[in-house]
Amino acid sequence: MSASLKVLRERLNQVLEQIESPKFLSSDGLGNEIGFWIFDYPAEHELVVREELEHINKRLQKRHTFEHIHIFAEIVALLEERGLFERACEREKQVGLEALKKNLSGPLQQDKIARYLADKYNFTELDFVILSGLGNAWPLIRGHELLSALQDVMGHTPLVLFYPGTYSGLNLQPFGEVESRNYYRAFKLVP
């Protein structure tokens, strides 16, 4: 087992305890900050994180009301509802991902996605939200932009983003390599 995988497994073993802590559930001690948390991890261990998330979800379902939202699946559903998914797939084959990103910039504006999620899930009735699948949705969806848009619709419901990359506490770096804009309003779930 590689050193990075060993450290990741140790951190994953702390996720359940952190999510069930009063500090997380009530956003206690955050000093008027929103209850957004990030669990960053090396992107090459995506499958390990997915598998562990399944186990975490099963344990949490026994004691909490929450949603685990896979953002890529939600983007596909949003595009399908608008009759755009098949056309987007064909368009990507024709023009490539960067041009597709420009073509979908209207329907996939972060605030529209946030409103779509808020309409689909009643966040105020949930103990918390787990968000994953960002790596699949990148570069159509950017972590810092999505989190900023979600601030307006989450209310006081805590959210934890499982993020394939690094989070320094000041900025998100997708896949640990791509430069990104700063995002200051989230906390590391497990340092």
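Scroll up to find the structure.
Residues numbered from 1 in each chain as written. Predicted model: local features only at pLDDT ≥ 70, side-chain atom pairs only at ≥ 80, totals over all residues. Heavy atoms only, no water.

Attention shifts here to the overall build of the protein. Across its full length, the protein carries 9 helices and 6 strands. In terms of overall size, the protein behaves like a compact globule, its C-alpha atoms giving a radius of gyration of 17 Å where 191 residues would be expected to give roughly 16 Å. The principal-axis extents of the C-alpha atoms in the protein amount to approximately 45 × 40 × 30 Å. Per-residue burial for the protein yields a buried fraction of 47% across its 191 residues. (Helix = DSSP H or I, 4+ residues; strand = E, 2+ residues; numbered from the N terminus. Rg over C-alpha atoms; globule rule 2.2 N^0.38 Å. Buried < 20%, exposed > 50% of the residue type's maximum accessible area, 1.4 Å probe, protein only.)

Turning to the nonpolar core, a few remarks are in order. Counting 40 residues, the largest nonpolar core has I71, I113, L117, L150 and L159 as the members making the most contacts within it. Elements that contribute at least two residues to this core include exactly β1 (36–41), α4 (71–81), α5 (85–95), α7 (110–120), β3 (128–132), α8 (134–137), α9 (143–150) and β4 (159–167). Take this core: its biggest share by element is 6 residues, from α4. Core analysis: the next-biggest nonpolar cluster, separate from the first, contains 22 residues, L8, F39, I56 and F162 among them. (Core = buried A, V, L, I, M, F, W, Y, C linked by side-chain atoms within 4.5 Å.)

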